[in-house]
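Observations on the model geometry
Read off the chains here:
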Amino acid sequence: MSKAAVKISADLLSNPLCEQDQAFLDSMTALDTAMKRMDAFNQEKVRFIPTKFHLLLHVSVCGCCFRYSGVFPSLNMAVKRREQALQDYKRLQSKVEKYEEKEKTGPAIVKLCQAKDELRPVKEDFEAKNKQLLDEMPKFYQSRIDYFQPSFEALIRAQVVYFTEMYNIFSQLTDQIDEAGLTDEQRQKETEAKLNELRSLSIVADD
């Protein structure tokens, strides 16, 4: 954007009107100076990529997001382990229920006891994994705000640095080219009056 602004101001400065009107020349010179300052400021930030401005953005925002995304493989694995434990629990629970429905003969009772013994540790494993997720998942989601808050603050500070400099540049430009004491409404009326003067010329009159 700053490169395009410099090109526009340079084109305006080379306009023949600058040779005919000193006030216009002064305004375009001030504009060109401001655009070059803006471009120089942006270029300075580009040169600081390995150290300051961009490093702040990279470390505080991009790096923060990258590290945060590294948590998800472990989280997904915990969810998969819980799902696998649930499937094992359902399978053995179904086996127990099947033996419970059978006639209570000696062999059937033995198999029922064996199935219950097999089910017990699997059930405990599932309940432990399920409880862990129920306890920690809400904490994980809630921690997102606390985790990213410093990153957002750093991003805002970086933006403040940039836009403060832009404000200073354009404030000085306004002081140089602005007509003191005129309101926006007065400027609008003045522009309309000058436009009407142009419209009154015979060479631009409607056919």
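Quick notes on the rules
- Residues numbered from 1 in each chain as written.
- Predicted model: local features only at pLDDT ≥ 70, side-chain atom pairs only at ≥ 80, totals over all residues.
- Heavy atoms only, no water.
- UniProt positions renumbered as here; feature names shortened; annotations may be inferred.
- Helix = DSSP H or I, 4+ residues; strand = E, 2+ residues; numbered from the N terminus.
- Contact = heavy atoms within 4.5 Å.
- Areas by Shrake-Rupley, 256 points an atom, 1.4 Å probe, with all protein chains shown as cover.
- Phe/Tyr/Trp six-rings, centres within 6.5 Å; stacked < 30°, edge-to-face > 60°.
- Buried < 20%, exposed > 50% of the residue type's maximum accessible area, 1.4 Å probe, protein only.
- Axes fitted to C-alpha atoms, helices over the stretch in contact; angles between N-to-C directions.
- Parallel < 35°, antiparallel > 145°, perpendicular 65-115°, else oblique.
- Left-handed = near helix turned anticlockwise from the far one by under 90°.
- Nonpolar A, V, L, I, M, F, W, Y, C, P; charged D, E, K, R; others polar.
- Patch = residues over 30% accessible without salt bridge, like charges linked within 9 Å, V, L, I, M, F, W, Y side chains within 5 Å.
- Salt bridge = Lys/Arg side-chain N within 4 Å of Asp/Glu carboxyl O.
- Core = buried A, V, L, I, M, F, W, Y, C linked by side-chain atoms within 4.5 Å.
- pLDDT = per-residue confidence, 0-100.
- Expected span 1.5 Å × (residues − 1).

As recorded in an unreviewed UniProt entry, the protein goes by the name Bridging integrator 3, listed as coming from Xiphophorus couchianus. In its Subcellular location (unreviewed entry) section, the UniProt record describing the protein reads: "Cytoplasm, Cytoskeleton". Under the heading Function (unreviewed entry), UniProt records this for the protein: "Involved in cytokinesis and septation where it has a role in the localization of F-actin."

What follows covers the overall build of the protein. Scanning the protein from N- to C-terminus turns up seven helices and zero strands. The order of α-helices and β-strands along the protein, N terminus first, is α-α-α-α-α-α-α. Within the protein, contacts between residues at least 6 apart in sequence are counted, and of these 68% link residues at least 24 apart. Carbon and sulfur atoms form 59% of the exposed surface of the protein, whose accessible area is close to 15,200 Å².

Centre-to-centre distance and the angle between the planes together describe a pair of aromatic rings. Following the criterion strictly, the structure yields one aromatic pair and no others. Seen in terms of ring centroids, Tyr-89 and Phe-126 are 5.6 Å apart; in terms of plane orientation they differ by 10°. Their pairing is stacked. Of this pair, Tyr-89 sits in helix H5 (residues 72-101) while Phe-126 sits in helix H6 (residues 106-177); the two residues are 37 residues apart in sequence, bridging distant segments of the chain. You'll find Tyr-89 and Phe-126 in the same group, each marked buried.

On to the packing of H5 against H6. The interhelical angle for the contact between H5 and H6, taken along N-to-C directions, is 150°, at an axis separation of 8 Å. When the axis of H5 is compared with that of H6, the two are roughly antiparallel. The handedness of the crossing between H5 and H6 is left-handed. When the residues that make up the contact of H5 with H6 are grouped by side-chain class, the tally is 18 nonpolar, two polar and 11 charged.

This part covers a nonpolar patch on the surface. On the surface, Leu-195, Leu-198, Leu-201 and Ile-203 cluster together into a nonpolar patch covering about 400 Å² of accessible area. Among the structural elements, Ile-203 can be located in the segment after helix H7 (184-199).

The subject of this paragraph is the UniProt feature "coiled-coil region" (unreviewed entry) in the protein. This chain's UniProt record puts "coiled-coil region" (unreviewed entry) on residues 75-102. Taken as a whole, residues 75-102 contains 96% helix and 0% strand, while its terminal C-alpha atoms sit 41 Å from one another.

In this structure, Leu-31, Ala-34, Met-35, Met-38, Met-166, Ile-169 and Leu-173 are the most contacted members of the largest nonpolar core, which totals 13 residues. Of all the secondary structure elements, the ones that give two or more residues to this core are helix H1 (2-13), helix H3 (22-47) and H6. Not counting residues within four places of it along the chain, the set of residues in contact with Leu-31 comprises Ser-9, Leu-12 and Leu-173. With 10 residues, the next largest nonpolar core counts Leu-92, Val-96, Tyr-99 and Ala-115 among its residues.

Once that is clear, we can look at the environment of Ser-151. Examined against the element boundaries, Ser-151 turns out to sit in helix H6. Given a relative accessible area of 6%, Ser-151 falls into the buried group. It is 9.1 Å that separates the C-alpha atoms of Ser-151 and Cys-65, two residues lying 86 residues apart in sequence.

Residues at a pLDDT of 70 or more form 85% of the protein, whose mean pLDDT is 77. Summarising per-element confidence for the protein, the mean pLDDT is lowest in helix H4 (residues 53-69) (66) and highest in H5 (88).

For the rest of this paragraph, the subject is H5. With 30 residues, H5 should cover 44 Å at 1.5 Å per step; its first-to-last C-alpha distance of 43 Å lies within 8% of that length. By the burial criterion, the buried members of H5 are Leu-75, Ala-78, Ala-85, Leu-86, Tyr-89, Leu-92, Val-96 and Tyr-99. Buried positions along H5 lie against H6.

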